[in-house]
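Analysis of the macromolecular model
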Amino acid sequence: MKNNNTNSTRSNLAKDNELFHVIHKVPCGDTPYVKAKHAQLIEKNPEMAIVWFWKAINTGDRVDSALKDMAVVMKQLDRSEEAIEAIKSFRPRCSKNSQDSLDNVLIDLYKKCGRMEEQVELLKRKLRQIYQGEAFNGKPTKTARSHGKKFQVTVQQEISRLLGNLGWAYMQQAKYLSAEAVYRKASMVEPDANKSCNLAMCLIKQGRFEEGRSVLDDVLESRVLGADDSRTRQRADELLSELEASLPRRRDAEMEDVLGNILDDDFVLGLEQITTSSFRSKRLPIFEQISSFRNQLVC
């Protein structure tokens, strides 16, 4: 009878321990990576978590996850530059399957640090990989993870996300014509109100107020997906107010923004060559028609 009670107690403890790890999303064990996740999620001690993540990387303990998770924690502590260098230095130790998620972390880190040139180059490379059929392993979807949850991402959604990020990066560089071309393409792939607002901002910055008004009208009249979101509508209203305030000024009396009126020769203009080359036969022609936008814009 005593043995039965002991076995029952042990079984209950094991179940409780398993439940604890499921609830808190902490892996079982006593390895450096497990200790790092415990420090991060249970103890809420990010500095100690980073120490254990480093130990996990150096000892080869779940290096893929350790490097990515450490970079995320570093970003939260405003140590983004250090996180960038860590990924660049240790990603060769990671598996091929982890490289895409590391790229996505790098994109966020570059944005956080204002390293726009590097962000743009990485985004262009990832878009070319999709175009050439090198991403998604030839499948229409891939499994992604966010906040511990898995979900499916389609090729179309990934293209739209990358184009949206690229357009935003161009805007930060005041390359509004390039940003416009990218946002127009992104809206063709997967239209939404946020992209429309960014497109309107590009047009306003170029002094093309009537075109900007037309795009904002589509948002305010709920003709695009996501236009019912209160924050998006508020932003559209603010942009419309900015547009109205800019109307009295004569555009030819203003100093031309040189950067804002130059397309990114290495990518947006270069897409004309890409779409007329052997890439046209690839399975995912994501850059079709973007050169026609260029022709419309510069005419």
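Thresholds, definitions, all that
- Residues numbered from 1 in each chain as written.
- Predicted model: local features only at pLDDT ≥ 70, side-chain atom pairs only at ≥ 80, totals over all residues.
- Heavy atoms only, no water.
- UniProt positions renumbered as here; feature names shortened; annotations may be inferred.
- Helix = DSSP H or I, 4+ residues; strand = E, 2+ residues; numbered from the N terminus.
- Contact = heavy atoms within 4.5 Å.
- Expected span 1.5 Å × (residues − 1).
- Buried < 20%, exposed > 50% of the residue type's maximum accessible area, 1.4 Å probe, protein only.
- Salt bridge = Lys/Arg side-chain N within 4 Å of Asp/Glu carboxyl O.

The name an unreviewed UniProt entry gives the chain is Protein SULFUR DEFICIENCY-INDUCED 1, with Brassica carinata as the organism. Here the chain is described in UniProt, under the heading Subcellular location (unreviewed entry), as follows: "Nucleus". Check the Sequence similarities (unreviewed entry) section of the UniProt entry for the chain; it says "Belongs to the MS5 protein family."

In terms of helices and strands, the chain carries 15 helices and two strands. In the chain, 57% of the contacts between residues at least 6 apart in sequence involve partners at least 24 apart.

Let us look at the environment of Leu 216. Looking at the element boundaries, Leu 216 is found in helix α11 (residues 209-220). Separated by 16 residues in the primary sequence, Leu 216 and Ala 200 place their C-alpha atoms 6.4 Å from one another. Contacts of Leu 216, omitting those with residues within four sequence positions, involve Ala 200, Ile 204, Ala 236, Leu 239 and Leu 240.

According to UniProt, the positions carrying the feature "repeat: TPR" (unreviewed entry) are residues 160-193. Note that residues 160-193 is 82% helix and 0% strand, and that its end C-alpha atoms are spaced 13 Å apart.

Its 14 residues place the ends of helix α4 (residues 63-76) 20 Å apart at the C-alpha level, agreeing with the 20 Å of an ideal helix rising 1.5 Å per residue. Three or more residues of α4 are buried, namely Val 63, Ala 66, Leu 67, Asp 69, Met 70, Ala 71, Val 73 and Met 74. Next to the buried residues of α4 lie α2 (32-41), α3 (46-59), α5 (80-90) and α6 (99-113).

To continue, consider the pattern of salt bridges. Evaluation of the coordinates by the stated rule reveals 25 salt bridges. With its nearest N and O atoms 3.0 Å apart, the salt bridge here joins Arg 184 to Glu 180. A residue pair is termed a helical-turn pair when its members lie 3 or 4 positions apart in one helix, as Arg 184 and Glu 180 do in helix α9 (residues 176-189) at four residues. Through salt bridges with shared partners, a single network forms among Arg 91, Asp 100, Asp 103, Arg 125, Lys 126, Lys 142, Glu 158 and Arg 161.

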